[in-house]
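# Chains, contacts and geometry: an overview
Here are the chains, one letter per residue:
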Amino acid sequence: EVQLLESGGGLVQPGGSLRLSCAASGFTFSNYAMNWVRQAPGKGLEWVSVISDSASITYYADSVKGRFTISRDNSKNTLYLQMNSLRAEDTAVYYCAKYLGYCSGGSCPRWFDPWGQGTLVTVSS
Amino acid sequence: DIQMTQSPSSVSASVGDRVTITCRASQGISSSLAWYQQKPGKAPKLLIYAASSLQSGVPSRFSGSGSGTDFSLTISSLQPEDFATYYCQQANSFPLTFGGGTKVEIK
């Protein structure tokens, strides 16, 4: 069974840093691009970032560019999100999610399946 | 960025009803659209991808259609477990974007 398990969320002051982790199991992690998607309390979904299977390509939402860094360790089957200069508007549940299938020839099935259970990040003084 | 607009934002329906949710993209996205279901306190679940392909394990009462800028999700006969919030997502270009959501409530 494919499983994604996020950790590392918590309460942090504005301007602070936090690193989220997503432990993957039940599939060949190194074959799939991985994403972070967030959801502010009571709000909709916002895509945050993606990293390719080999970690050679990354993309970010403008709202986090320059502050967040996505990375992965394929030897540990783990995805990371380093979050710096945190703001109140970064408060959200953060989900990791894999693409539905493999990327091939630069084309990726950019559908998210499955998702982890999420980890809550609260930015507040 | 491609903006995704869902309508309605909420709908009240009864068990057995046919429910249709629409999603409009601010520019053409071919068939690069997915639909997700989210229940309170849970992660979203993929229902439909590539506009009309049913994800494995999803009941056949869910169907998707459309291409270009206009898309729809239809639940042919609403079941008690279908009361949830539904989101569309475009996969045509970065940043990947979601619609604002449609809450399906019990009438």
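What you are looking at is a predicted structure, and each value in this text was computed from that prediction instead of being measured.

## Things to note about the overall build of chain B
Looking only at helices and strands, chain B features zero helices and 11 strands. Each helix (α) and strand (β) of chain B, taken in turn from the N terminus, gives the series β-β-β-β-β-β-β-β-β-β-β. Expected size for 107 residues packed as a compact globule is a radius of gyration near 13 Å; at 13 Å, chain B falls within 12% of this value. Within chain B, the fraction of its 107 residues that count as buried is 47%. Roughly 4700 Å² of accessible area belongs to chain B as shown, and the carbon and sulfur atoms make up 44% of that amount. The average position of the 8 basic charges and that of the 6 acidic charges among the side chains of chain B differ by 5 Å.

## Let's talk about the overall build of chain A
A tally of helices and strands in chain A yields zero helices and 11 strands. For 125 residues, the compact-globule formula gives about 14 Å, and the C-alpha radius of gyration of chain A, at 14 Å, lands near that figure. Across its three principal axes, chain A shows a C-alpha extent of roughly 45 × 30 × 30 Å. A total of 125 residues make up chain A; the buried ones form 47% of that total.

## Considerations on the state of the cysteines
Residue and element names in this part refer to chain A. Summed over the entire model, instances satisfying the criterion amount to three disulfides over all chains. Here Cys-22 connects covalently by a disulfide to Cys-96, the sulfurs 2.0 Å from one another. On the sign convention where negative is left-handed, the bridge of Cys-22 and Cys-96, at about 55° about the S-S bond, is right-handed. Here Cys-96 lies in strand β9 (residues 92-99) and Cys-22 lies in strand β3 (residues 18-25), a separation of 74 residues in the sequence. We classify Cys-22 as buried; its relative accessible area is 0%.

## Remarks on the pattern of salt bridges
Here the idea is simple: oppositely charged side chains can pair when their charged atoms come close. Residues and elements named next belong to chain A. Under the defined criterion, the tally for this structure stands at eight salt bridges over all chains. Where Arg-38 meets Glu-46, a salt bridge forms, and the shortest distance between an N and an O atom there is 2.7 Å. A relative accessible area of 5% places Arg-38 in the buried class. A relative accessible area of 29% places Glu-46 in the partly exposed class. One salt-bridge network, in which partners are shared between bridges, spans Arg-38, Glu-46, Arg-67 and Asp-90.

## Describing the sheet that holds strand β3 (residues 19-25) of chain B
Residues and elements named next belong to chain B. Ordered by their spatial adjacency, four strands build an open sheet running β1-β3-β8-β7, and the pairing between neighbours is antiparallel. At either end of the open sheet lies a strand with only one pairing partner, and these are β1 (4-7) and β7 (62-67). Averaged over all adjacent pairs, the angle separating strand axes in this sheet is 15°, with direction ignored.

## Details of the sheet that holds strand β7 (residues 68-73) of chain A
Whenever strands of a sheet pair, they do so through backbone hydrogen bonds, lying parallel or antiparallel. All names here are of chain A. Pairing is antiparallel in the open sheet, where four strands are placed in the order β1-β3-β8-β7. Each end of this open sheet is capped by a strand with a single partner; those strands are β1 (3-7) and β7. Here the strands of the sheet are splayed against their neighbours by 15° on average, with no regard to which way each runs. The pairing of β1 with β3 spans five bridges and is classified as antiparallel. When the sheet's bridge partners are listed, Leu-5 is paired in β3 with Ala-23.

## A short note on the packing of aromatic side chains
Summed over all chains, the structure comprises 15 aromatic pairs over all chains. Relative to Tyr-32 of chain A, the ring of Phe-27 of chain A lies with its centre 5.5 Å away and its plane at 80°, an arrangement referred to as edge-to-face. By relative accessible area, which is 15% here, Phe-27 of chain A ends up buried. Judged by centre distance (6.1 Å) and plane angle (55°), the rings of Tyr-36 of chain B and Phe-98 of chain B are tilted. With Tyr-36 of chain B in strand β4 (residues 33-38) and Phe-98 of chain B in strand β10 (residues 97-98), this pair connects stretches of sequence that are 62 residues apart. The burial state of Tyr-36 of chain B is the same as that of Phe-98 of chain B; both residues are buried.

Conventions we followed
- Residues numbered from 1 in each chain as written.
- Chains lettered and ligands numbered in written order.
- Predicted model: local features only at pLDDT ≥ 70, side-chain atom pairs only at ≥ 80, totals over all residues.
- Heavy atoms only, no water.
- Helix = DSSP H or I, 4+ residues; strand = E, 2+ residues; numbered from the N terminus.
- Rg over C-alpha atoms; globule rule 2.2 N^0.38 Å.
- Buried < 20%, exposed > 50% of the residue type's maximum accessible area, 1.4 Å probe, protein only.
- Areas by Shrake-Rupley, 256 points an atom, 1.4 Å probe, with all protein chains shown as cover.
- Lys, Arg positive; Asp, Glu negative; His and termini not counted.
- Charge placed at Lys NZ, Arg CZ, Asp CG, Glu CD.
- Disulfide = S-S within 2.5 Å.
- Salt bridge = Lys/Arg side-chain N within 4 Å of Asp/Glu carboxyl O.
- Pairing = 2+ DSSP bridges.
- Axes fitted to C-alpha atoms, helices over the stretch in contact; angles between N-to-C directions.
- Phe/Tyr/Trp six-rings, centres within 6.5 Å; stacked < 30°, edge-to-face > 60°.

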